Amino acid sequence: MEEQTKELQKKSWGKIIGIIAIILIPIAGVYAYVNKKIWSKVQEEILEAQFKVQQIGKENKNSETDGKVEEESVPAQKNPVNTNPPVNTTSTGTPATYKDGSYTAVGNYLSPGGAETVGLTLVLKDGVVIDASLEVQATRPISKQMQEIVVANFKPLVIGKKIDEVKLSKVSGSSLTPKGFNDAVVKIKAQAKG
Amino acid sequence: MEKSAFTFDAIGTKWRIDFENGLSEGARLALLAHIMERIDEFDKNYSRFRADSLITEMSRRAGIYTLPSDAEPMLSLYEKLYHLTNGLFTPLIGQLISDAGYDAEYSLVPKKLSPPPAWDDALSYHFPELVIKKPALLDFGAAGKGYLIDIVGEILKNGGIKSFSIDAGSDILYTHPDKKSFRVGLEDPADFSRVVGVMEITKGSVCASAGSRRKWAGFHHIMNPYILTSPEHILGTWAHAKTTLLADALASCLFFVESKILREKFDFAYAILFADRHLEVSPNFTGEIFAKGM
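The shown structure was predicted, so the numbers you read here are calculated from the model rather than taken from an experiment.

Draft legend 1. Summary view of the overall build of chain B. Along its length, chain B carries 8 helices and 16 strands. For chain B, the residues scored as buried account for 62% of the 294 residues in total. Long-range pairs, those at least 24 residues apart, make up 61% of the contacts in chain B between residues at least 6 apart in sequence.

Right, here's the structure in full:
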């Protein structure tokens, strides 16, 4: 159970770091606009940026999925060949499992003027990001300007709707994995634990 | 008219064909047999997962190959997109994906990675000939399934079926004589029980591309041939085009190049879900987006 919690936390961190990395790319992009020569150097710095993530605020245990590790699954379908079932088809999948709550991260990166930080707060509910805000923490005037541009252009976030709440003819997502692929994933996870 | 459905497994994914027809049971069975035969023929040519395929032979032996008669639309689109994306979309991606672990045995263990060769270094294409200058593992996964769906659609049309939807691993082709509205939910890559929006179409194909399922060891099945990693800044893309070949290919391309580069050359609509959870849609997107405050 403890191992599963650790893996859950690692996944949360991984997801948040991923999101932070792409928040900072526009900052780097603005720098690039200002000075194309330093683009690759800045990009390098951001990819190596160190993040400290801490969970703050109220933590809700998601009782249905608590403790479960995210698994890829092929939705079970009972499919006899050549039948006359209803036309509408829906797909079900295993929801991602992250504890509800606020996550704050501080990103460190090196601007051409020196070290800077930017703050990011994400709110997760039912494993979906429902709110996010950036905090300008830069100290140097140009860095401050850059961060403010990113904050101003922060786009509205999607919040998924449950499939059974939406009238649909089909659902389109990444292809279902072949059984062989899924079996290989399970085998490797088992090896990793052993 | 009766509503029928075929469901079966093929090319590593689940297929479902819904269609209206006035056929006898025997005629339906014959149609299904024809479709599955045609799919197997396609797989035997283009799959890198079969030891007996043309693709596997090309990965072992250089030489001049005569391509199957159906290769032209697919190869010429790959060539066009290769140049349009400066090589980011390439059929030569096979060795890289395989070395990363997604190989014919599903070892899922990364080996040493190297960038694929440039098109002109490895191939020379003048239909029906494909010259393999040095053995290369080709992969048509980015658009091959889409093309095959179009082929199956033609079989249905030739069989007198005027109203159908084909869903192969959630790449979809739809046609209806009355152009009835067809609503395609855009599956949330972070939560398969949710959709981030709906694409509403009256005909054509919707294809998705996302790294949400085939993931292993820090990779997913979409790979950047220059930096040898899987893109992380985009969670999923959807393209709506007249053919499934095109929708499938463009959904992959959207991971690598800006949509406006593709919009200059092709007629399509799209939605892109970025890692920061904002959804960008094309000006001609028809449907709904489920976003905060909307």
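Next, the rest of the story.
Draft legend 2. Examining the nonpolar core more closely. All names here are of chain B. Core analysis: the biggest nonpolar cluster contains 72 residues, and Trp 15 and Ile 35 have the highest contact counts within it. Among all residues touching Ile 35, those that are not within four sequence positions of it are Phe 6, Phe 8, Ile 17, Val 152, Ile 155 and Leu 156. Counting 18 residues, the second-largest nonpolar core is a separate cluster that includes Ile 172, Tyr 174, Val 184 and Leu 186.

Draft legend 3. Geometry of the pattern of salt bridges. All names here are of chain B. Taken as a whole and assessed by the stated rule, the structure comprises 21 salt bridges over all chains. For Arg 38, the salt bridge identified is with Asp 70, shortest N-O distance 2.8 Å. Within this pair, whereas Arg 38 is found in helix H1 (residues 25–46), its partner Asp 70 is found in the loop between strand S3 (63–66) and helix H3 (71–84), the two being separated by 32 residues in sequence. Each member of the pair, Arg 38 as well as Asp 70, is classed as buried.

Draft legend 4. Looking closely at the side chain of Ser 53 of chain B. All names here are of chain B. Position of Ser 53 relative to the elements: it lies in the loop between H1 and helix H2 (54–58). Within the structure, Ser 53 has its side chain in polar contact with the backbone oxygen of Ser 47 (distance 2.6 Å). One polar contact links Ser 53 to Thr 56, side chain to side chain, over a distance of 3.0 Å.

Draft legend 5. Expanded view of the sheet that holds S3 of chain B. All names here are of chain B. Within the open sheet, the 3 strands sit side by side as S3-S5-S4. Their pairing is antiparallel. Of all strands in the sheet, those with a lone pairing partner are S3 and strand S4 (123–126), marking the two edges. Each strand axis lies, on average, 15 degrees off the axis of its neighbour in the sheet, ignoring direction. Bridge analysis of S3 against strand S5 (residues 129–132) gives 4 bridges, and the strand direction is antiparallel. Counted as the bridge partner of Thr 66 is Glu 129 from S5.

Draft legend 6. Highlighting unusual backbone geometry. All names here are of chain B. A cis amide bond links Phe 127 with the next residue in sequence, Pro 128, at an omega value of 5 degrees. For Pro 128, the location among the structural elements is in the loop between S4 and S5. Phi angles above zero are rare outside glycine, and Tyr 106 is one such case at about 55 degrees. Overall, Tyr 106 belongs to the buried group, its relative accessible area being 16%. In this model, Leu 108 sits at a positive phi of 55 degrees, which is unusual for a non-glycine residue.

Draft legend 7. Representation of the sheet that holds strand S7 (residues 171–175) of chain B within the structure. Residues and elements named next belong to chain B. One open sheet accounts for 8 strands, arranged S1-S2-S6-S7-S10-S13-S14-S15; its pairing is antiparallel. Taken across any chain shown, the strands that pair with only one partner, and hence form the sheet edges, are strand S1 (2–10) and strand S15 (279–281). Strand-to-strand, the axes of this sheet are offset by a mean angle of 10 degrees, without reference to chain direction. Packed onto the sheet, helix H7 (residues 244–253) meets S7, strand S10 (204–210) and strand S13 (234–241) and runs at close to 25 degrees relative to S10.

What counts, and at which threshold
Residues numbered from 1 in each chain as written. Chains lettered and ligands numbered in written order. Predicted model: local features only at pLDDT ≥ 70, side-chain atom pairs only at ≥ 80, totals over all residues. Heavy atoms only, no water. Helix = DSSP H or I, 4+ residues; strand = E, 2+ residues; numbered from the N terminus. Buried < 20%, exposed > 50% of the residue type's maximum accessible area, 1.4 Å probe, protein only. Contact = heavy atoms within 4.5 Å. Core = buried A, V, L, I, M, F, W, Y, C linked by side-chain atoms within 4.5 Å. Salt bridge = Lys/Arg side-chain N within 4 Å of Asp/Glu carboxyl O. Polar contact = N/O pair within 3.5 Å; in protein donor to acceptor, adjacent residues only side chain to side chain. Pairing = 2+ DSSP bridges. Axes fitted to C-alpha atoms, helices over the stretch in contact; angles between N-to-C directions.

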